[in-house]
Amino acid sequence: MPDEIYLDNSATTRVDPGVVGVMEGIFLNEYGNPSSLHGKGVQVEKLIKEARRSIASILQVEPEGIIFTSGGTESNNLAIRGTAMVPRRRGHHIITSSIEHLSVLNTFRDLEEQGYPVTYIEPDKRGLINPEAVAQAITDETILVSIMHVNNEVGSIEPIDKIGEVVKEKRRDIIFHVDAVQGFGKLPIYPERGNIDLLSISAHKLHGPKGVGALFIRKGVKIKPVITGGGQELGFRSGTENVPGIVGFGEAARLAADGMEEHSQRLNSLKERLIERLSSSVPDAIVNGALGEESAPHILNLSFPGIRGEVLVHSLETRGIFVSTGSACSSRKASTSHVLTAMGLKEAISESSIRVSFSIFNTQEDVDLFVEALKDVLKELREIYRGY
Amino acid sequence: MYDVILLRYGELALKGENRPFFERALKENICKALPNIDPKAVKRRHGRFFVDVAEEEDIEKMLSALSKVFGLVSISPAVRLPLDLDAIKEGAFALGRDVIPIGGTFKVQTKRANKGFPFSSPEINKEVGGYILPRLAEAKVDVHEPDVIIDVEVREDYAYVTGRVIPGPGGLPLGTSGHGLLLLSGGLDSPVAGWMCMKRGLSLTALHFHSFPFTSQRSKEKVIDIAQVLTGYAGELRLIVAFFTNIQKEIQTKVPEKLRVILMRRMMMRIAQKIAQREGALVLVTGESLGQVASQTLESINVTNQVVDLPVFRPLIGMDKSEIIDRARAIGTYDISIRPYEDCCTLFVPRHPSTRPALQEVEDAEAGMDIQALVEEAIEKSKLIIVNGRNSCG
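Computed from a predicted model, the values in this text were never measured in an experiment. (Residues numbered from 1 in each chain as written. Chains lettered and ligands numbered in written order. Predicted model: local features only at pLDDT ≥ 70, side-chain atom pairs only at ≥ 80, totals over all residues. Heavy atoms only, no water.)

**Here we look at a nonpolar patch on the surface**
Phase 1 of the analysis: Together, M85, V226 and I227 of chain A line one region of the surface with nonpolar side chains, adding up to about 230 Å² of accessible area.
Phase 2 of the analysis: Along the chain, the position of V226 of chain A falls in the loop between β8 (213–217) and α8 (243–258). (Patch = residues over 30% accessible without salt bridge, like charges linked within 9 Å, V, L, I, M, F, W, Y side chains within 5 Å. Areas by Shrake-Rupley, 256 points an atom, 1.4 Å probe, with all protein chains shown as cover. Salt bridge = Lys/Arg side-chain N within 4 Å of Asp/Glu carboxyl O. Helix = DSSP H or I, 4+ residues; strand = E, 2+ residues; numbered from the N terminus.)

Given below as structure tokens:
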């Protein structure tokens, strides 16, 4: 049996050893500042260019549109605040969904406090956003629509292409932003096809390093930088480039893109095996969110009514298995996940939810061992919670 | 400028024949509070302690550490001057420039213990005040309610000038009242209860009940962080983490819902009493406040108390939650206590706990449990964590 079974890959992933190898060389040898005039700077600038090209080719966009940032949160902030801050003649209404990652949701809430009118689109009970609902929310005043690609808690894949279409049908000049942090490298997403103006991605969700991400900015789209300074990254993101991170990101993205189809099939088969094993061994497990074509291959959200997600996480942890909860606990009352709540799940369901998320490093054996452990732990906990 | 810190202690002075005992303990605690201090730099004279300041840039750190030494009533950084009026005037002016706010008021107040000094107290007041006033733009003298009192003390060997009084925590030197065992959770109350007992001279061992996987690793980290704050007052702290998981399981499976909390409290007290014996503690300290929750009604406290012979101090018994919160803020534990991790008291709390449990029904409910074995297991599987705070004396 392996020492640990890591099934929390939506939180973060183990860095690919190949990526570490590439980064080590940068730390030790190519440590120049890309802004320097001398050869050591030029050498490093080339490496950044390669990383930019590798990421751009996956998205099928021009490399100049890729701006490196410190990660998904910064990319989302740059996209949303950057758009909101551009002076406009027409309105400042902005639209998002109620199931976004907090780096989007709390940025919208902050802008709302500053006076921007905000519409939050509610999902259906599978965690899917209806493009029609987005279309109906758009007014003459609307300047920005921001909808995520894959929901990080339940794995639902939002109909981005369709949403992009309805947004641009309403008006070409509405900016369409997509937080693609969870799906990038695992599922195809193309700004061209989806009418996407801005797209956020992050390295550490696909076996790259933490602390680096990127924002795709379509040519001609106006946004204001959030971080000002020396004018790096075409002025959109000042600050000396995180060269090892960027190069590591490029390498991780390349590895992910090269194997995307095969990886996707493997992840899917892990997920299918898990669902199948659960239905025979733990029949009272409830799957939250969309399934099949409408869901990402690596995320599965489950509930076990009567058992709190947090307790389940810790119990599995004692057996070397790492998953996460859908909802975080505060003192007496479980503060339930905003995503599950928005999907209309009952409190008993959402406070007992856990999220299992796979990576290509997981095996079929991991799934079997997880189900076995889950069965034991549930039996034990059910006895303790009896009558609770 | 500052070359000495003056430490005043109050209540100790009244302790009659035991006074040397308290003063020795206080001196030791002062040494412990100051990392790398040479014990010779701490002197007692004229019913005060004087601490020599070797490096002036350390002074704020020293003052902050000393403001947490129980037994001290107030602390003042001071300038030490030769017995010469001109030197006193110059020194008082230098200090005044530092402590009198722009546009603020001051007065000079002299105490002349050295009657051989050729000027009287009123003369010194006048001379020193008259020297400072024209040299500090916008400063004014106010003899009734000044912003700052410039204190001049003329002693046998030196004169001391101070202008800033930092309150100490008061109370009695830590350890002079004996040793106790604090039941420490991650909540707001128990750290405050521990602090209040420490203030009255009680040194403490802390005991925490951990119920992983029902509570998280982070809830234990939270308790360690709280203990770390308490070491600012206590020096080093022994934190014992008792294994409570199986007791929790046993109670959940065998005990009626409404009695679970009270049974849990009784188990905690039993474990605490045994550990207290091992730690040489003569008292248990808890954070209970009368009527705050179901387990803190008079009936519940009575039933809980039945299982212990040691006295139980409950220093928060008469405090409101808001008073406890204010105190937790002042001590520095508040921000840690409000972190959102469960401790074992909160996770299994039933919807309707009994507020008036009868001893008989509680004892009946316990009958099916092997109490002795559970208590022994909890102690046997407990872990000791030494939480380090200050450095020790030279």
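**So, the sheet that holds strand β13 (residues 284–285) of chain B**
Residue and element names in this part refer to chain B.
Phase 1 of the analysis: The strand order β14-β13-β10-β11-β12-β15 describes an open sheet built from 6 strands, whose pairing is mixed. Strands with a single pairing partner mark the edges of an open sheet, and in this sheet they are β14 (312–313) and β15 (383–387).
Phase 2 of the analysis: Examined bridge by bridge, strand β11 (residues 202–210) and strand β12 (residues 237–243) share 6 bridges and lie parallel to one another. In the strand pairing of β12, T205 is matched with R238. (Pairing = 2+ DSSP bridges.)

**Some points on the domain arrangement of chain B**
Phase 1 of the analysis: Structurally, chain B comprises domain 1 (4–167) and domain 2 (178–387).
Phase 2 of the analysis: Between the C-alpha centres of domain 1 of chain B and domain 2 of chain B there is a distance of 43 Å. (Domains from an automatic or database assignment.)

**Thoughts on the domain arrangement of chain A**
Residues and elements named next belong to chain A.
Phase 1 of the analysis: In terms of domains, chain A is made up of domain 1 (5–13 + 260–385) and domain 2 (17–258).
Phase 2 of the analysis: The distance between the C-alpha centroids of domain 1 and domain 2 comes to 28 Å.
Phase 3 of the analysis: Surface buried jointly by domain 1 and domain 2 totals about 2,600 Å² across both partners, of which 56% is contributed by carbon and sulfur atoms.
Phase 4 of the analysis: Looking only at domain 1, the three residues that lose the most surface to domain 2 are T13, M260 and H338, adding up to 25% of its buried area.
Phase 5 of the analysis: At the surface where domain 1 touches domain 2, the tally comes to 1 salt bridge.
Phase 6 of the analysis: With a closest N to O distance of 2.9 Å, E294 and R126 form a salt bridge.
Phase 7 of the analysis: Sorting the residues of the side of domain 1 that touches domain 2 by element identifies α9 (260–281), β10 (299–303) and α11 (338–342) as the ones contributing at least two each.
Phase 8 of the analysis: Here the residues of the side of domain 1 that touches domain 2 sort into 13 nonpolar, 15 polar and 3 charged. (Buried area = accessible area lost by both parts, 1.4 Å probe. Nonpolar A, V, L, I, M, F, W, Y, C, P; charged D, E, K, R; others polar.)

**Description of the pairing of β8 of chain A**
Residue and element names in this part refer to chain A.
Phase 1 of the analysis: Within β8, 5 of the 5 residues are buried, which leaves it mostly tucked inside the rest of the structure.
Phase 2 of the analysis: Side chains G213, L215 and I217 project from β8 onto one buried face, and the interleaved A214 and F216 project onto a second face that is buried too.
Phase 3 of the analysis: Where strand β2 (residues 66–69) and β8 come together, 4 bridges link them in antiparallel fashion. Directly across from T69, in β8, lies its bridge partner G213.
Phase 4 of the analysis: One ladder, built from 5 bridges, connects strand β7 (residues 198–202) with β8; its direction is antiparallel. Paired with I201 across the two strands is A214, which belongs to β8. (Buried < 20%, exposed > 50% of the residue type's maximum accessible area, 1.4 Å probe, protein only.)

**What about helix α13 (residues 364–385) of chain A?**
Phase 1 of the analysis: Helix length check: α13 of chain A (22 residues) gives 31 Å between terminal C-alpha atoms against 32 Å at 1.5 Å per residue, within 8%.
Phase 2 of the analysis: Looking at the buried residues of α13 of chain A, the elements they touch are β1 (5–6), α9, α10 (309–317), β11 (321–322) and β13 (353–357) of chain A together with α7 (245–254) of chain B. (Expected span 1.5 Å × (residues − 1). Contact = heavy atoms within 4.5 Å.)

**Re the pattern of salt bridges**
Phase 1 of the analysis: Here the structure, examined in full by the defined rule, presents 42 salt bridges over all chains.
Phase 2 of the analysis: The partner of D161 of chain A in a salt bridge is R193 of chain A, with the nearest N and O atoms 3.8 Å apart. Of this pair, D161 of chain A sits in helix α6 (residues 160–170) while R193 of chain A sits in helix α7 (residues 191–194), and the two are 32 residues apart along the sequence.
Phase 3 of the analysis: Residue classification places R193 of chain A among the exposed positions, given a relative accessible area of 53%.
Phase 4 of the analysis: Between R155 of chain B and E153 of chain B there is a salt bridge whose closest N-O contact spans 3.0 Å.
Phase 5 of the analysis: Assessed through its relative accessible area of 8%, E153 of chain B is described here as buried.
Phase 6 of the analysis: The network of salt bridges with shared partners includes K168, E192, D197 and R218 of chain A.

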